[in-house]
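Structure assessment
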Amino acid sequence: MIKFPKVLYHHFEHRILSGTAFGYGNFIFCISLTNLNSTMEKFRKIKLFPQQGIHNSGKLVEEIFEYLNGERKIFSLIPYCLWGTAFFRRVWCETRAIPYGNIISYSRLAHRIGKVSAVRAVGKALSANPIPLVIPCHRVIGKDGDLVGFGAGIQIKQKLLELENIFPPPLELLQNNK
């Protein structure tokens, strides 16, 4: 029988969004921006039973609040553990490099990773992003400026882009993303 590490979680509520950070040991492995009960049910199905507690997620939640309050532009290098294919991890790494206040299109992101025809696969990788906000998938938009795809919903994506003063997307950013 496999012995899983003790998983702890830290739930947070902010006027812009609410969510839960999950971790074990010193590692963060998930930020859920969806309903806590549905997230916990997913964990139970794989025999993980998170317990409320503080670990590095406490520091992360503090940084999330600073970001949502407009006081932070970069998340510190809190250790995190990502599971995914090599392609997914490549997309996430490139997405992590998108600076605060900037946007990129799915097609431009596919081009950056050298997979020009993999636009839909890039979207799939971003939909599986385990740590949104830290890996800022909300900064990836349709090539014509459309807000598409975000696990917490398009309204939250718009609020995050407004927070970073990039919604609606400036014309020059759209022209550079095609």
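Look up: the structure comes first, before these words.
Residues numbered from 1 in each chain as written. Predicted model: local features only at pLDDT ≥ 70, side-chain atom pairs only at ≥ 80, totals over all residues. Heavy atoms only, no water.

Read from one edge to the other, the open sheet built from four strands follows the order β3-β2-β1-β4, with strand pairing classed as mixed. Every interior strand has two partners, whereas the edge strands, β3 (27-32) and β4 (51-52), have only one. As judged from the six bridges shared by strand β1 (residues 8-13) and strand β2 (residues 18-24), these two strands associate in the antiparallel manner. Considered in β2, the bridge of E13 is made with S18. Across the sheet, helix α1 (residues 36-45) touches β1, β2 and β3, and the angle it forms with β2 is around 30°. (Pairing = 2+ DSSP bridges. Helix = DSSP H or I, 4+ residues; strand = E, 2+ residues; numbered from the N terminus. Contact = heavy atoms within 4.5 Å. Axes fitted to C-alpha atoms, helices over the stretch in contact; angles between N-to-C directions.)

Here we take up the pattern of salt bridges. All told, the structure shown has five salt bridges when counted by the stated rule. Residue E66 pairs with R72 through a salt bridge whose shortest N-O separation is 2.7 Å. The residue R112 makes a salt bridge to E94 at a minimum N-O spacing of 3.6 Å. Pair noted here: R112 is in helix α4 (residues 106-112) and E94 is in helix α3 (residues 86-96), with a separation of 18 residues, a long-range link. (Salt bridge = Lys/Arg side-chain N within 4 Å of Asp/Glu carboxyl O.)

Those residues of helix α6 (residues 154-163) that sit buried are I156, K157, L160 and L161. Burial along α6 is one-sided: seen end-on, the buried residues are contained in an arc of 140°. One or two residues past the end of α6 sits N165, with phi positive at roughly 60°. (Buried < 20%, exposed > 50% of the residue type's maximum accessible area, 1.4 Å probe, protein only. Arc of directions from axis to C-beta.)

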